[in-house]
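# Working through the structure, step by step
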Amino acid sequence: MFSKILIANRGEIAVRIIKTARKMGIQTVLVHSDADTGSKAWEMADETIHIGPSPAAQSYLIQDKIVDAVRKSGAEAVHPGFGFLSENPVFARRLEAEGITFIGPNPYAIEAMGDKITSKKFAAEAGVSTVPGYMGLIESPEHSVQIAAEIGYPVMIKASAGGGGKGIRVAHSETDMAEGFAAVKAEALTAFGDDRVFLEKFIVNPRHIEIQVLGDKHGNIVSLFDRECSIQRRNQKVIEEAPSPLLDDATRKLMGDQAIALARAVNYDSAGTVEFVAGQDRSFYFLEMNTRLQVEHPVTELITGVDLVEQMIRSAAGETMAFGQDDLKINGWAIESRIYAEDPYRGFLPSIGRLVRYETAEEGEHESPIGPYTVRNDSGVREGDEISMFYDPMISKLCAWAPTRAGAVEGMARALEDTHLNGVGHNVPFLAAVMDQKRFRSGNLSTSYIVDEFPDGFHGLPAGPLQRDIMVASAVAMHEILSEQAGDPSDRTDWVVMIDRDPIGVSLSYDDDEALRLELSGEDRALSLSDIDWRPGQAQFRAVLDDTPFTAEVRRVADGFEIRSRATKARVRVLTPRLAELFARLPEKVAADTSKLIQSPMPGLVVAIPVSPGQEVKTGETVAIIEAMKMQNIMKAERDGVVKLVGAKAGDPVAADDVLVEFE
């Protein structure tokens, strides 16, 4: 076994590898860029070596720097994590030539399966069903349009060396194809250093299901069952679960057998994932194979009890797998939510900045109203850390395990309630919305789920009965606590709680056990609020409402509180009946008119602004391209108009809401 390994990665996966290495008694060396100096992984590693500036192309993607760091540290092996050099066969072969062990599959398997075009050909030869498409290289936009017409729209444009949702577009027309082909090639070159592109038929209403495989260097290969990864946005997975609610035992075994057969065809060793696109009728087609550890590996670990990082290390060290297929069983259900620094209220655009506050659910065992659940949180950042524009905006992978799927969903919903972030935009409210949806809870999923359920984007959800009660009770309790703290407790028992502009009459009293009792006027019912855990300044209000524990995110504002309960956020005021009457007469604030402005939707760099003052622009024409988090965002004119001024040029850094183009 190795005594020291080098981790050629960053963030939460570096932290994840360090934890397993510690458990195995292996020392760790972490390479890091400027931006990651002082990071959580940097702090945890036994040794650290600086390898360059913040951009990955100048640090984590430079093979010479990684090899030099191995030599300098005396490490015997390199774990690449995922992304960066993890699926680069040239890097794996170079390490092999240098006498350094690569903790991953052999270079031949990486080359055969890691390249999306070659892997399709291998799968077809192995008898695995594949999605119709064009596996050859495409040289020009004109060539791509011709091929797409032959395949039939819609068509998916994919980077051959792609992964992590980068370098993918769906084209529904010739115009989409021409524009998307150029965008995918540009993204692929930036993210992977390889701009090769291929096309495949886009399956309508599909599900994304993958099989985790694991092999050693002695020909042993097993399947660790399936994961459902259908909840995606911009081809980036957002919520994953294991096992899939779609599959029956027969289909699960068939997919597992095919995944193992494909892995055997290339003498696969280490951890890998065979991905399939599946129909709602349980038909399935090979999509690609990821020859590395997957971001969503924790859900597989939670239902199997197998530490995949440990098994990768043991496989690389030449050990024989200590278990076989018959030893593996599915135990319970696990769900993973990817918490990103992005603003769901602004089209999920990336958000950068400092994590001023970061609180999350305590890891370990908990109880929900429907049973026990376990929380796991894989994170590479801490409160006070910076979310940089140079890397993926992931903050953490929050996981919940329970004996049943319903228990795991409820456990995840509670864990998201207990998560509080401030300083950057984040998608926790959106994730909570999905957990509460009847469709998600039913298991009726598809890769178009987010588009189907939120066609106009995410704007939060209206308060349901439970959220309404939570907001009323929390606001009244905080109002009472603040009054007592100010030394001016009121004897008043009748109040009006305004949720935005919706008035709710409340009469207060206390039960014998000191629980706060709130009688709701006109509703012939009362709420009981107990076990209150809040004091002024705290961002989370915890209590038990009618025997249901909850956590709400709260913030004091000038005339009340801003309260978020799961996916519902509202301004809540506690007023006397007279003030409530006067408040109802106030006119609503009118939003500023920005219809003539094209504003930057996020912080980033201007790639191009292909218009100039005085130019006539038609609806749908591209007026600006902004790059952030390795993704290009194309902004188009929403109506015909004439450009009045251009506020930035290519190469300029811009902040969110900066004016890029103004129309007359």
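One structure accompanies this document, and this report is about it. Values in this document were obtained by computation on a predicted structure and should not be read as measured data. (Residues numbered from 1 in each chain as written. Predicted model: local features only at pLDDT ≥ 70, side-chain atom pairs only at ≥ 80, totals over all residues. Heavy atoms only, no water.)

### Considering the pattern of salt bridges
- Counted under the stated rule, the structure contains 64 salt bridges.
- Put simply, Arg196 and Asp194 hold a salt bridge, and the shortest N to O gap is 2.9 Å.
- In this structure, Arg252 engages Asp226 in a salt bridge whose closest nitrogen and oxygen atoms are separated by 2.5 Å. Residue Arg252 is found in helix H9 (residues 249-265), and its partner Asp226 is found in strand E11 (residues 221-233); the two are separated by 26 residues along the sequence. Comparing Arg252 with Asp226, the two get one shared label, buried.
- Each of Arg16, Lys23, Glu301, Asp307, Glu310, Arg314, Glu319, Arg376 and Asp378 takes part in a single network of salt bridges with overlapping partners. (Salt bridge = Lys/Arg side-chain N within 4 Å of Asp/Glu carboxyl O. Helix = DSSP H or I, 4+ residues; strand = E, 2+ residues; numbered from the N terminus. Buried < 20%, exposed > 50% of the residue type's maximum accessible area, 1.4 Å probe, protein only.)

### Points about helix H12 (residues 405-417)
- Between its terminal C-alpha atoms H12 stretches 18 Å, which fits the 18 Å expected from 13 residues at 1.5 Å a residue.
- Most of H12 is tucked away: 12 of the 13 residues are buried.
- Taken residue by residue, H12 has Arg405, Gly407, Ala408, Val409, Glu410, Gly411, Met412, Ala413, Arg414, Ala415, Leu416 and Glu417 as its buried positions. (Expected span 1.5 Å × (residues − 1).)

### Focus: the nonpolar core
- By size, the foremost hydrophobic cluster in this structure holds 41 residues, and its most contacted members are Ile239, Ile335, Ile395, Phe430, Met435 and Phe440.
- If near-sequence neighbours (up to four positions away) are discounted, Phe430 is found in contact with Val238, Pro344, Phe348, Ile450, Phe454 and Phe458.
- Counting residues in each nonpolar core, the second largest holds 36 residues, with Phe2, Ile103, Leu293 and Val306 among its members. (Core = buried A, V, L, I, M, F, W, Y, C linked by side-chain atoms within 4.5 Å. Contact = heavy atoms within 4.5 Å.)

### Quick look at the packing of helix H4 (residues 89-97) against helix H5 (residues 107-114)
- The N-to-C vectors of H4 and H5 enclose an angle of 175°; their axes lie 9 Å apart at closest approach. The pairing of H4 with H5 is recorded here as roughly antiparallel in orientation. Together, Pro89, Ala92, Arg93 and Glu96 of H4 and Pro107, Tyr108, Ile110 and Glu111 of H5 make up the contact between the two elements.
- The residue inventory of the contact of H4 with H5, partitioned by class, reads five nonpolar, no polar and three charged. (Axes fitted to C-alpha atoms, helices over the stretch in contact; angles between N-to-C directions. Parallel < 35°, antiparallel > 145°, perpendicular 65-115°, else oblique. Nonpolar A, V, L, I, M, F, W, Y, C, P; charged D, E, K, R; others polar.)

### Observations concerning the packing of aromatic side chains
- Enumeration according to the criterion identifies 13 aromatic pairs in this entry.
- Between the aromatic rings of Phe276 and Phe284, the centroid separation amounts to 5.3 Å while the plane-to-plane angle is 85°, which identifies the pairing as edge-to-face. The pair formed by Phe276 and Phe284 is uniform in burial state, with each residue classed as buried.
- Between the aromatic rings of Tyr345 and Phe458, the centroid separation amounts to 5.4 Å while the plane-to-plane angle is 45°, which identifies the pairing as tilted. Taken together, the residues span a long stretch of sequence, with Tyr345 in the loop between strand E16 (342-343) and strand E17 (349-350) and Phe458 in the loop between helix H15 (449-453) and helix H16 (465-485) at a distance of 113 residues.
- Put simply, the rings of Tyr345, Phe348, Phe430, Phe454 and Phe458 pair up and form one aromatic cluster.
- The positively charged end of Arg492 is found above the aromatic ring belonging to Trp495, 5.7 Å away from the centroid.
- The ring of Tyr345 is capped by Lys569, whose NZ or CZ atom sits 4.6 Å from the centre of that ring. (Phe/Tyr/Trp six-rings, centres within 6.5 Å; stacked < 30°, edge-to-face > 60°. Lys NZ or Arg CZ within 6 Å of the ring centre and 35° of its normal.)

### A closer look at a negative patch on the surface
- Among the surface-exposed residues, Asp512, Asp513, Glu514 and Asp531 lie close enough to one another that they form a single negatively charged patch.
- By the secondary structure assignment, Asp512 is in the loop between strand E26 (502-510) and strand E27 (516-520).
- On the basis of relative accessibility, which here comes to 82%, the residue Asp512 falls in the exposed class. (Patch = residues over 30% accessible without salt bridge, like charges linked within 9 Å, V, L, I, M, F, W, Y side chains within 5 Å. Areas by Shrake-Rupley, 256 points an atom, 1.4 Å probe, with all protein chains shown as cover. Lys, Arg positive; Asp, Glu negative; His and termini not counted. Charge placed at Lys NZ, Arg CZ, Asp CG, Glu CD.)

### Notes on helix H1 (residues 11-24)
- Between its first and last C-alpha atoms H1 spans 21 Å; for 14 residues at 1.5 Å apiece the expected length is 20 Å, and the two agree.
- With respect to burial, H1 is a largely interior element, 11 of its 14 residues being buried.
- Within H1, burial applies to Gly11, Glu12, Ile13, Ala14, Val15, Arg16, Ile17, Ile18, Thr20, Ala21 and Met24.

### With respect to the environment of Tyr449
- Tracing the backbone shows Tyr449 in helix H15.
- Non-local contacts of Tyr449, meaning those with residues more than four positions away in its chain, are made with Ile231, Val434, Gln437, Arg439, Phe440 and Asn444.
- A polar contact is formed between the side chain of Tyr449 and the backbone nitrogen of Phe440, at a distance of 3.3 Å. (Polar contact = N/O pair within 3.5 Å; in protein donor to acceptor, adjacent residues only side chain to side chain.)

### A look at the sheet that holds strand E31 (residues 560-565)
- Ordered in space as E25-E26-E27-E28-E29-E30-E31-E32, the eight strands form a closed barrel in which the pairing is antiparallel. Geometrically, the sheet is characterised by an average inter-axis angle of 35° between neighbouring strands, direction not taken into account.
- As paired strands, E26 and E27 are joined by five bridges and run antiparallel to one another. Bridge pairing in E27 places Ser509 opposite Arg517. (Pairing = 2+ DSSP bridges.)

### Here's the deal with unusual backbone geometry
- Cis peptide bonds are those with omega within 30 degrees of zero, and the linkage from Tyr153 to Pro154 qualifies with 0°.
- By the secondary structure assignment, Pro154 is in the loop between helix H7 (141-151) and strand E7 (155-163).
- Cis rather than trans, the peptide bond between Ala242 and Pro243 has omega equal to -5°.
- With respect to the helices, strands and loops of the structure, Pro243 is situated in the loop between strand E12 (236-242) and H9.
- Unusually for a residue other than glycine, Asp500 sits at a positive phi of about 55°.
- Looking at Asp500, the relative accessible area reads 38%, which means it is partly exposed.
- At Arg566, a position not held by glycine, the phi torsion is positive, near 55°.
- Its location among the elements puts Arg566 in the loop between E31 and strand E32 (568-575).
- Note on Arg566: relative accessible area 9%, which makes it buried.

Function-wise, these values are silent; they only describe arrangement.
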